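Residues per chain are reported as follows:
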Amino acid sequence: MLLSPSPISLLCALLLCLPLAIVFTITTPSTPLSSSSSAPPPPPPPPPPHPVLAKLTGAGRPTPNLPPMVKRLKTLQKPRNPISFPPPPPPPDPDKVFTKLPSPVVHEISDEENGSIDDGDDQSLFRLAAGVNPNPKPPIKKLAFMFLTTTPLPFAPLWEAFFNKTPKNLYNIYIHADPRFNYTPPFRGVFARRVIPSKPTRRHSSTLTAAARRLLSRALLHDESNYMFVLLSPACIPLHSFNFIYKTLTKSKKSFIEILANEPWAYDRWAARGEEAMYPEVKFEDFRIGSQFFVLKRKHARIVVRDRRLWSKFKLPCLISATCYPEEHYFPTLLSMVDPHGCVAATLTHVDWRGSHGGHPRMYQETEVGPELIWTLRSSRPRYGDEESNSSDASEGRRHDPFLFARKFSPECLLPLMNMANDVIFKD
């Protein structure tokens, strides 16, 4: 006979089974009701990563299936690169680089620098130039016009007219421009990109002489067709047409450089570095004086850049600046010692020393410039060494070479010179 359970026994049985039901429910996955598939359910989505870990690993970035607005929002939230590099500048235009001088460098020349003014790169330059062929056989002879300046060329328009319609295979132009000064306007036209590497220059020092040697070296190395080398200042003008000057110089077998031996102030200039400083290389009886503006043959230009013996004395700093003009002493002394008979002892650049002051010759003013002045300068006869006593060449007493250039002209003379250029100056 079965006993009916009492309410109390039923309650106890229910309490005993409740833990088992909870465990069963937790450990058993819930399965959707389906009568047609037995595939397992998909795994649950992974939990969201930690914000710091997501930033480092990039987790949580939007997938391609995200809505466009969400993509845009996420893009705006991307961290920016804190360092940005601008694109490299385009390469410089060579035409622009070489049409103007570098920015002026303020540099005062000390007495110590005078003694080593051509060291380093100049020494290498001179050695290279000394190795050129002194007597090449070019098909065409060229004239090398070398301008030594510390200012823009005030007569550039006149020189432009001088070179106008002249074949470019007949000449070259070289400019030594002191880098301490501003050249405004810059060198243009035939003078564009003609500035050689230059150094500061100063009167009463060897720097002007070193600059001329630099010009000669560059011209020798640049073109073996350079036959005659003409040194000019910014205050120089031509007195004839290019054709006249070209024919005069290319037919000459000699250089033109003023060589004077018996000037009354010669001893003071020789002893400007001290009475014993020039010995033994340059004795007083070998010392010469002359205009710094010369026309040298290629052979003599090479002799100048090859020389070390005399240059070692003339580049020394002077003790007395008032008598220190190496540019007027070095070249005539050297060539008179090496090849006096290969030179015409006269300059072809006219200059008027009447009324000179401070070591500078007379400067012509605008009101003086006219056809009469040009004709007078042309007809003047050069001074050929010490003609009255000891000429280096007896035939020079009979010479009458034409002056080809003249100085000094003030910049204001440009307009009257241009007005008569074609009808007077370039009309031979």
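Everything quoted here is computed from the prediction, not taken from an experiment.

Caption draft 1: Structural view of the packing of helix α6 (residues 121-130) against helix α11 (residues 298-306). The N-to-C vectors of α6 and α11 enclose an angle of 145°; their axes lie 8 Å apart at closest approach. The way α6 lies across α11 gives a crossing that is left-handed. On α11, the residues that touch F126, A129 and A130 of α6 are R302, V305 and R306. Here the contact of α6 with α11 is built from residues that sort into four nonpolar, no polar and two charged.

Caption draft 2: Main features of helix α8 (residues 207-222). Between the first and last C-alpha of α8 there are 22 Å, a value that for 16 residues agrees with the 22 Å anticipated at 1.5 Å per step. When you tally the buried positions in α8, you get 13 out of 16 residues, the bulk of the element.

Caption draft 3: Structural context of the confidence of the model for the chain. In this model, the chain carries a mean pLDDT of 80, and residues with pLDDT of at least 70 account for 70%. The low-confidence segment residues 21-39 (pLDDT under 50) makes zero contacts with residues lying over four places distant or belonging to another chain. Here residues 46-116 scores under 50 on pLDDT; set against residues more than four positions off or in separate chains, the count is 46 contacts.

Caption draft 4: Focus on the pairing of strand β2 (residues 171-177). β2 sits mainly inside the fold: seven of its seven residues count as buried. What you see with β2 is no split at all: Y171, I173, I175 and A177 on one side and N172, Y174 and H176 on the other are buried throughout. The parallel pair strand β1 (residues 142-149) and β2 is bridged by helix α7 (residues 156-163), and the resulting crossover is right-handed.

Caption draft 5: Looking closely at the pattern of salt bridges. A full pass over the atoms with the stated rule returns 15 salt bridges. Residues R383 and E263 are paired through a salt bridge, measuring 3.0 Å at the closest nitrogen-oxygen approach. Placement of the pair is R383 in the loop between α14 (371-379) and β9 (405-406) and E263 in the loop between β5 (255-256) and α10 (266-270), with a sequence separation of 120 residues. For D339, the salt bridge goes to K299, with nearest N and O atoms at 3.5 Å. Within this pair, whereas D339 is found in the loop between α13 (330-338) and β7 (343-344), its partner K299 is found in helix α11, the two being separated by 40 residues in sequence. Shared partners join several salt bridges into a network, and the residues in it are D121, D122, K199 and R214.

About the cut-offs
Residues numbered from 1 in each chain as written. Predicted model: local features only at pLDDT ≥ 70, side-chain atom pairs only at ≥ 80, totals over all residues. Heavy atoms only, no water. Axes fitted to C-alpha atoms, helices over the stretch in contact; angles between N-to-C directions. Helix = DSSP H or I, 4+ residues; strand = E, 2+ residues; numbered from the N terminus. Left-handed = near helix turned anticlockwise from the far one by under 90°. Contact = heavy atoms within 4.5 Å. Nonpolar A, V, L, I, M, F, W, Y, C, P; charged D, E, K, R; others polar. Expected span 1.5 Å × (residues − 1). Buried < 20%, exposed > 50% of the residue type's maximum accessible area, 1.4 Å probe, protein only. pLDDT = per-residue confidence, 0-100. Right-handed = clockwise from strand over helix to strand, strands pointing away. Salt bridge = Lys/Arg side-chain N within 4 Å of Asp/Glu carboxyl O.

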